[in-house]
Amino acid sequence: SKLLEVKDLHLKIEDAEILKGMEFSLEKGEVFALIGPNGCGKSTLAYTLMGINNYHPQKGEMIYKGEKINELAINERAKKGITLAWQEPARYQGVTVREFLSLGLKSQREEVTEEKLKEALNKVAINPAQYLNRFVDKSLSGGERKRIELASLILMHPELIILDEPDSGVDIVALNNIAEMINYFKDSGSGILLITHSEEMLEYADRAALVCEGEIIRQGNPADISEYFKSFCFPCAKEEDCET
Ligand code: ADP
Ligand code: MG
Ligand code: MG
């Protein structure tokens, strides 16, 4: 059965229509990629699925494991196993890596042990001895924060993972970690919504869709979507408007 179904999802911010009838579904253990240019509504979709304040759809349904989640608060969605890895990894002034990772475990009502924290950090190639007492702030590079955020995802055992441009602003090491992480979550049966604007990321997807101005304009296998994306005339003009 489906892990997530998105049906005719519409979202307006002030008077601007950002999502215009998004429609797709995702199975357990599947990586579904959404690719599209900057500003087409990818992050807005991620926030809407997670239930961030003010991202409440005017129309359409989000169905997770058979249950409509439109009215659930962000923490209720998190408890049910939905997580979002932000495009910009968060900075937390005065919060150590240890405290940040512990929150992930506590959110799942799991006991915090040094063992679990170390294991998660090792999976993302971060040396626990060097990093557990560092602060999750601007003293860490973007790549390091991204990796620590991925470690916190591991500890939450999410069932639906929304990765918003996981490749943005990261180093090669982190990029390899992202690929490994995707496989790790896939193998553990989670579904992954992989949001990106670079076709290189489609290599990790089972299925893909092209997003254009708040709508999915084509779905299919990642190789075909990648070709179509490369040849597409952005910003989303009609084909007859493109100069060839
Ligand atoms: P993407 O993630 O694909 O780059 P976004 O979802 O961030 O795109 O943005 C989609 C569109 O919505 C853009 O035109 C952006 O300017 C607009 N937008 C996003 N957030 C807001 C907001 N809070 N208020 C007004 N417009 C917004
Ligand atoms: Mg963007
Ligand atoms: Mg974005």
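Use the structure listed above.
These remarks concern the structure in this document. (Residues numbered from 1 in each chain as written. Chains lettered and ligands numbered in written order. Predicted model: local features only at pLDDT ≥ 70, side-chain atom pairs only at ≥ 80, totals over all residues.)

What to know about the environment of Ile-82
Note on placement: Ile-82 falls in strand β6 (residues 82-85). Of the residues examined, Ile-82 has 27 C-beta atoms within 10 Å and is grouped as buried. Residues Ile-82 and Ile-162, spaced 80 residues apart in sequence, show a C-alpha to C-alpha distance of 7.8 Å. Those residues in contact with Ile-82, other than ones at most four positions away along the chain, are Met-50, Tyr-64, Arg-77, Pro-158 and Leu-160. (Helix = DSSP H or I, 4+ residues; strand = E, 2+ residues; numbered from the N terminus. Buried ≥ 20, exposed ≤ 12 C-beta atoms within 10 Å, placed from the backbone. Contact = placed C-beta atoms within 7 Å.)

A word on the pairing of strand β10 (residues 215-220)
Pairing of strand β9 (residues 207-212) with β10, which is carried by five bridges, proceeds in the antiparallel orientation. Note on β10: the bridge partner recorded for Leu-210 is Arg-218. Between β9 and β10, which pair antiparallel and follow one another directly, the connecting turn spans two residues, one of which, Glu-213, has a positive phi of 45 degrees. (Pairing = 2+ DSSP bridges.)

What about the sheet that holds β9?
Read from one edge to the other, the open sheet built from six strands follows the order β6-β7-β8-β3-β9-β10, with strand pairing classed as mixed. Here the strands that pair on one side only, and so sit at the sheet edges, are β6 and β10. Taken over all neighbouring pairs, the strand axes of this sheet differ in orientation by 20 degrees on average, direction set aside. Of the strand pairs in this sheet, β6 and strand β7 (residues 160-164) are connected by four bridges, and their pairing is parallel. When the bridges of β7 are listed, Ala-85 appears paired with Leu-163. Lying on the sheet, helix α1 (residues 42-50) is in contact with β3 (31-35), β6, β7, β8 (191-196) and β9; it crosses β7 at an angle near 150 degrees. Where helix α8 (residues 222-231) meets the sheet, its contacts fall on β3, β9 and β10, and the angle it forms with β9 comes to roughly 25 degrees. (Axes fitted to C-alpha atoms, helices over the stretch in contact; angles between N-to-C directions.)

This is a description of form; function is not addressed.
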